[in-house]
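Breakdown of the fold
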Amino acid sequence: MLKEVNSAIRMLILMTVVLGVIYPLGMTGVAQVIFPEQANGSLIYKQGSLVGSKLIGQNFSSEGYFHGRPSAAGDDGYDAASSAGSNLGPTSKKLLSSIAERSEQIRLENGLAENAIVPSDLVTASGSGLDPHITVAAAQIQAQRVAKARNLTEAQTLALIEKNTENPQIGFLGEKRVNVLSLNLALDEVTK
Amino acid sequence: MFNDIFLFVTFIAVLIAMAFPLGNYMAKVFYGENEKLGKLFLPIEKLIYRFAGVNENKEMNWRQYAVALILFNVLGTVLVFIVQLTQQLLPFNPQNFESVGTWYLALNTAISFMTNTNWQAYSGESSLSYFTQMIGLTVQNFLSAATGCAVAVAFIRGLTRKTTNLIGNFWHDLVRCTVRILLPISILLTIVFVQQGVVQNLDAYQTVQTAQGTEQTIAMGPVASQEAIKMLGTNGGGFFNANSAHPFENPTPLTNFVQMLAIFVVPLGLVFMFGIMTENKKQGFAIAGAMIILFVMMLGINYYSELNGNPMIAQMNIGEPTSMEGKEVRFGLGASSLFTTVTTAASCGAVNNMHDSLTPLGGFVPLLQMMLGEIVFGGAGAGFYGMMVYVMITVFIVGLMVGRTPEYLGKKIEAREMKWVMIALLIPSVTILLFSAIASVVDAGLAGLNNDGPHGLSEILYGFTSAAANNGSAFAGLTANTVFYDLMLGIAMLLGRFGVIIPMLAVAGSMAEKKTAPISLGTFETTSITFMVLLVGIILIVGALTFLPALSLGPIVEHVLMLQGITF
């Protein structure tokens, strides 16, 4: 038995070195050489300062920005060091009342009719709380509001949405979607 | 909707196209010597055996095999436990995280990764150092998967050998699985993931000045290398709290597709390998066929329910799909539904959407799949030997119906094997029901709920089902990091893992000793469509008889209440 224990300990040490040190550190080295940008978080710099990651959503609440989805990450949402969903179930009072509140607010902010359809992604929290995307429809209903706040025409904001729309990969993987941060940064460029 | 169905069909087609050659390769890895790649790997393996002082050619009986396996896994648990509690003293900790806090959380996580459960009572980015992630979690991701595969490989030896009590050498199976299968594929996956945007660095968290002028801290880490084995080994424990919903773990629809393939490819490969080893590929096809039938049924229910969504939300003039709570826009409904079904058909437990927010019948599917023992492709190794439990029950029942001694692959199945099989079936089931029952009456159990009404019961039931089935996904609203849940769930994981592994090794040992009878007219063919249908039927009947009462009080009644507009 003592011999078996001895062997098991040695095997564990060796496996730990190979799989827990050499493998992840080796892959880090390879990744840093061949895909450094992605490996470091697809970060976006503007005039030398770090403004965000292409893959991580941010809080947007002012009139002149397109708004992303509600977020349950951290206390104020979009805390990228504390990813989380709301974990509220389909019969939760809390979930249904927040959806009602959010949709009312969205109709108000964007001057929509009282019974106008609101895209579901704008009133529901994402799984990660960091979803960088909204659907095209969710961007379009905000086009007029943003245009007005920035002294642009609605056609201009709609064109920007179009430009920042990502298509399904290989034709069938994923949904058509708009990256909110990219769109807003493009907006800042235009109205600078 | 058409798009989604196209995705589902493509997924199954690509999966089969990849698993078949992998099964061929695995047969050579575990049972042969003379494959080309073997020459490349053999010297490395020899070094490992020599360093550990084991003789990989000395075969073991089932007891010796089980002892080596348990010893190795217990030591692994101890290592992960210690690393978590001492991470503040160890390197690769740019965020200066303290030790994970409590011994019961550390114990829960250690058991969880050793048993291939990967339940997340921890929250990766806010409590674990990169050292803990690499040395603790990544290593166990490999080893728990290799352990599962080893059991499946030994079980197949038991079925295909005659009149011997030896079922192979545990170290041989463990090392070969790791070196020749898991590690090379993980390296490939890591590179694909990084190219798509999964991070792989050792930096401190980045602080950015957001467009709107506030600060945002972005978690970093060696994620891709862990992500690769997390999926391939059907582990499922996230580097980040939000798991594969997090854009740094699963940034694009393509990574999502690859992750789902990675979950299924080894388990299905093992089934094909089984066909090759029994020298009748149809034996493997029959089991794969039964798995695919069940998978399509489950996916259909989940997708249909998610597509119909929540009528209470639709009433507020919200656009379709109304079930977007907890889902990511880049995946949408189809890829979320597929991921949910895949991750719980296998014992993976990674999530790309929050299962707690699924529609009631959408959540019923992962729950039921885990209750059935994750035998639809299943975990790396665990799926195969789990399915063998049902195969033997099916053969046994059929044998009794026609009044013949039940046989499988020419070997008689007798009382001794059936006793072990029943133990393997009952231990996880009893654990799930008994532990859930306890948690739903004691204060410590009820204190953790995030949702009221029947959904609260579903949260408890899901937790214990996930633990006992070694899945690791959660209705994550449940606050599981308490003494009560950490320990109860930890025990459930151990029972669910070894309560199946030990009996199945015993069956392997006992089958290996038997003679093989020649096929006669009276032999029940286990390659026929009839067998496939019977197998599916038995799985569903056994599952329904055991779990329907509990399921009716959780998701089923919640579905009815949701349709009536009742909230909690």
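These numbers come from a predicted model, not from an experiment.

Section: the overall build of chain B
- Each helix and strand counted, chain B has 19 helices and 4 strands in total.
- Against the compact-globule benchmark of 24 Å for 568 residues, chain B has a radius of gyration of 23 Å, which places it among compact chains.
- The C-alpha extent of chain B, read off along each of the three principal axes, is 75 × 55 × 45 Å.
- Of all 568 residues assigned to chain B, the portion counted as buried reaches 65%.
- Pairs at least 24 apart in sequence give 79% of the contacts found in chain B among residues at least 6 apart.
- For chain B, the accessible surface area stands at approximately 18,000 Å², while carbon and sulfur atoms represent 67% of it.
- The positive charge centre, built from 25 side chains, and the negative charge centre, built from 30, are 20 Å apart in chain B.

So, the domain arrangement of chain A
- The domains assigned to chain A are domain 1 (1-40) and domain 2 (41-190).
- The gap between the C-alpha centroids of domain 1 of chain A and domain 2 of chain A is 39 Å.

Focus on the sheet that holds strand E4 (residues 165-166) of chain A
- Spatially, the 3 strands line up as an open sheet ordered E3-E5-E4 (chain A), and their pairing is antiparallel. Every interior strand has two partners, whereas the edge strands, strand E3 (133-134) and E4 of chain A, have only one.

Observations concerning the environment of threonine 210 of chain B
- Here threonine 210 of chain B shows up in the loop between strand E1 (206-209) and strand E2 (215-218).
- Sequence separation between threonine 210 of chain B and glycine 334 of chain B is 124 residues, and the spatial gap between their C-alpha atoms is 32 Å.
- Not counting the four nearest positions on each side in its chain, threonine 210 of chain B is found in contact with Val51 and Gln58 of chain A together with Glu215 and Gln216 of chain B.

Let's talk about the nonpolar core
- In terms of nonpolar packing, the biggest core is built from 179 residues, with Met11 of chain A together with Phe11, Phe170, Trp171, Phe264, Phe295 and Met388 of chain B touching the most fellow members.
- Here this core gathers at least three residues from each of two domains, domain 1 (1-40) and domain 2 (41-190) of chain A.
- Discounting chain neighbours no more than four positions away, the residues touching phenylalanine 11 of chain B are Phe257, Met260, Leu261, Phe264, Phe295, Leu338 and Val342 of chain B.
- With 35 residues, the next largest nonpolar core counts Val51, Leu95, Ala138 and Val146 of chain A among its residues.

Looking at the interface of chain A and chain B
- On the chain B side, the residues contacting the 98 residues of chain A number 109 residues.
- Of all residues in chain A, Tyr23, Asn87 and Thr91 of chain A give up the largest surface area on contact with chain B, accounting jointly for 9% of the area buried on that side.
- For the interface between chain A and chain B, the tally reads 0 salt bridges.
- Our count for the contact surface shared by chain A and chain B stands at 50 residue pairs in polar contact (both at pLDDT 80 or more).
- Elements represented by at least two residues in the side of chain A that touches chain B include exactly helix H1 (2-34), helix H2 (36-39), strand E2 (49-53), helix H3 (93-109), E3 and helix H7 (180-190) of chain A.
- In terms of residues, the side of chain A that touches chain B owes the most to one element, H1 of chain A, which gives 24 residues.
- For the side of chain A that touches chain B, the class distribution of residues is 50 nonpolar, 36 polar and 12 charged.

Considerations on the pattern of salt bridges
- Throughout the structure, instances matching the rule amount to 15 salt bridges over all chains.
- The shortest N-O distance in the salt bridge between arginine 150 of chain A and aspartate 188 of chain A comes to 3.0 Å. Residue arginine 150 of chain A is located in the loop between helix H5 (143-149) and helix H6 (154-163), and its partner aspartate 188 of chain A is located in helix H7; the two are separated by 38 residues in the primary sequence.
- A salt bridge links lysine 327 of chain B to glutamate 306 of chain B, with the shortest nitrogen-to-oxygen separation between them at 2.5 Å. In this pair, lysine 327 of chain B sits in the loop between helix H11 (311-314) and helix H12 (332-345) while glutamate 306 of chain B sits in helix H10 (residues 281-308), placing the two residues 21 residues apart along the sequence.
- Here the residues in one salt-bridge network are Lys46, Arg150 and Asp188 of chain A, joined through shared partners.

Thoughts on the pairing of E2 of chain B
- Here E2 of chain B shows a buried face lined by Gln216 and Ile218 of chain B and an unburied face lined by Glu215 and Thr217 of chain B.
- Hairpin connection from E1 of chain B to E2 of chain B: 5 residues lie between these consecutive antiparallel strands, with glycine 213 of chain B at a positive phi of about 95°.

Remarks on the pairing of E1 of chain B
- Pairing analysis gives 4 bridges linking E1 of chain B to E2 of chain B, with the strands arranged antiparallel. When the bridges of E2 of chain B are listed, valine 208 of chain B appears paired with glutamine 216 of chain B.

Focus on the packing of H10 of chain B against helix H14 (residues 382-402) of chain B
Residue and element names in this part refer to chain B.
- Orientation of H10 relative to H14, taken along the N-to-C sense of each, is 100°, at an axis distance of 12 Å. As far as their axial angle goes, H14 and H10 are roughly perpendicular. On the side of H10, the interface is formed by Ile287, Ala290 and Met291, while H14 contributes Met387, Met388 and Val391.
- For the contact of H10 with H14, the class distribution of residues is 6 nonpolar, no polar and no charged.

Observations concerning the state of the cysteines
Residue and element names in this part refer to chain B.
- For the structure on display, the rule yields 0 disulfides over all chains.
- Take cysteine 149: it sits in no disulfide, and the sulfur closest to it among the cysteines is that of cysteine 177, at 3.8 Å.
- Judged by its relative accessible area of 1%, cysteine 149 falls in the buried class.
- Looking at the unpaired cysteine 348, the closest cysteine sulfur is the one in cysteine 149, lying at 13 Å.
- Its relative accessible area of 0% is what places cysteine 348 among the buried residues.

Some details on unusual backbone geometry
- Here the bond from glutamate 320 of chain B into proline 321 of chain B is cis, since omega is -5°, no more than 30 degrees from zero.
- Here the phi dihedral of serine 42 of chain A falls at roughly 45°; this positive angle occurs in a residue that is not glycine.
- Overall, serine 42 of chain A belongs to the buried group, its relative accessible area being 5%.
- If you check the backbone angles, asparagine 317 of chain B has positive phi at about 60° while not being a glycine.
- When you line up the elements, asparagine 317 of chain B lands in the loop between H11 and H12.

Quick word on the environment of glycine 85 of chain A
- Along the polypeptide, glycine 85 of chain A turns up in the loop between E2 and H3.
- Here the alpha-carbon distance between glycine 85 of chain A and glycine 52 of chain A, two residues 33 residues apart in the chain, equals 21 Å.
- Once you skip the residues sitting within four places of it in the chain, glycine 85 of chain A turns out to touch Ala72, Ser126 and Gly127 of chain A together with Met354 of chain B.

A few points about H3 of chain A
- Taking 1.5 Å of rise per residue, the 17 residues of H3 of chain A would be expected to cover 24 Å, and the 24 Å separating its terminal C-alpha atoms lies within 8% of that figure.
- When H3 of chain A is considered as a whole, its buried residues turn out to be Leu95, Leu96, Ser98, Ile99, Ser103, Ile106 and Arg107 of chain A. Within H3 of chain A, the buried residues cover an arc of 165° as seen down the axis, which keeps them to one side. Exposed residues on H3 of chain A whose side chains face more than 90 degrees from its buried face are Lys94, Glu101, Glu104 and Leu108 of chain A.
- Of the surrounding elements, those touching the buried residues of H3 of chain A are H11 of chain B.
- Two or three places before lysine 94 of chain A, at the opening of H3 of chain A, serine 92 of chain A has a side-chain oxygen 3.2 Å from that residue's backbone nitrogen.
- Among the residues trailing H3 of chain A, glycine 111 of chain A stands out with phi positive, at a value near 60°.

Concerning the packing of aromatic side chains
All names here are of chain B.
- According to the stated counting rule, one finds 29 aromatic pairs over all chains in the structure shown.
- Ring plane angle 80° and centroid distance 6.0 Å describe the contact between phenylalanine 11 and phenylalanine 257, whose orientation is recorded as edge-to-face. Here the residue phenylalanine 11 occupies a position in helix H1 (residues 2-31), and phenylalanine 257 occupies one in helix H9 (residues 253-277), the gap between them amounting to 246 residues. Phenylalanine 257 matches phenylalanine 11 in its accessibility class, with the two residues each being buried.
- Residues phenylalanine 20 and phenylalanine 272 carry aromatic rings whose centres are separated by 5.2 Å and whose planes lie at 70° to one another, so their mutual orientation is edge-to-face. Linking phenylalanine 20 in helix H1 with phenylalanine 272 in helix H9, this pair joins segments that are 252 residues apart in sequence.
- Note on phenylalanine 272: relative accessible area 7%, which makes it buried.

About the thresholds
Residues numbered from 1 in each chain as written. Chains lettered and ligands numbered in written order. Predicted model: local features only at pLDDT ≥ 70, side-chain atom pairs only at ≥ 80, totals over all residues. Heavy atoms only, no water. Helix = DSSP H or I, 4+ residues; strand = E, 2+ residues; numbered from the N terminus. Rg over C-alpha atoms; globule rule 2.2 N^0.38 Å. Buried < 20%, exposed > 50% of the residue type's maximum accessible area, 1.4 Å probe, protein only. Contact = heavy atoms within 4.5 Å. Areas by Shrake-Rupley, 256 points an atom, 1.4 Å probe, with all protein chains shown as cover. Lys, Arg positive; Asp, Glu negative; His and termini not counted. Charge placed at Lys NZ, Arg CZ, Asp CG, Glu CD. Domains from an automatic or database assignment. Pairing = 2+ DSSP bridges. Core = buried A, V, L, I, M, F, W, Y, C linked by side-chain atoms within 4.5 Å. Buried area = accessible area lost by both parts, 1.4 Å probe. Salt bridge = Lys/Arg side-chain N within 4 Å of Asp/Glu carboxyl O. Polar contact = N/O pair within 3.5 Å; in protein donor to acceptor, adjacent residues only side chain to side chain. Nonpolar A, V, L, I, M, F, W, Y, C, P; charged D, E, K, R; others polar. Axes fitted to C-alpha atoms, helices over the stretch in contact; angles between N-to-C directions. Parallel < 35°, antiparallel > 145°, perpendicular 65-115°, else oblique. Disulfide = S-S within 2.5 Å. Expected span 1.5 Å × (residues − 1). Arc of directions from axis to C-beta. Phe/Tyr/Trp six-rings, centres within 6.5 Å; stacked < 30°, edge-to-face > 60°.

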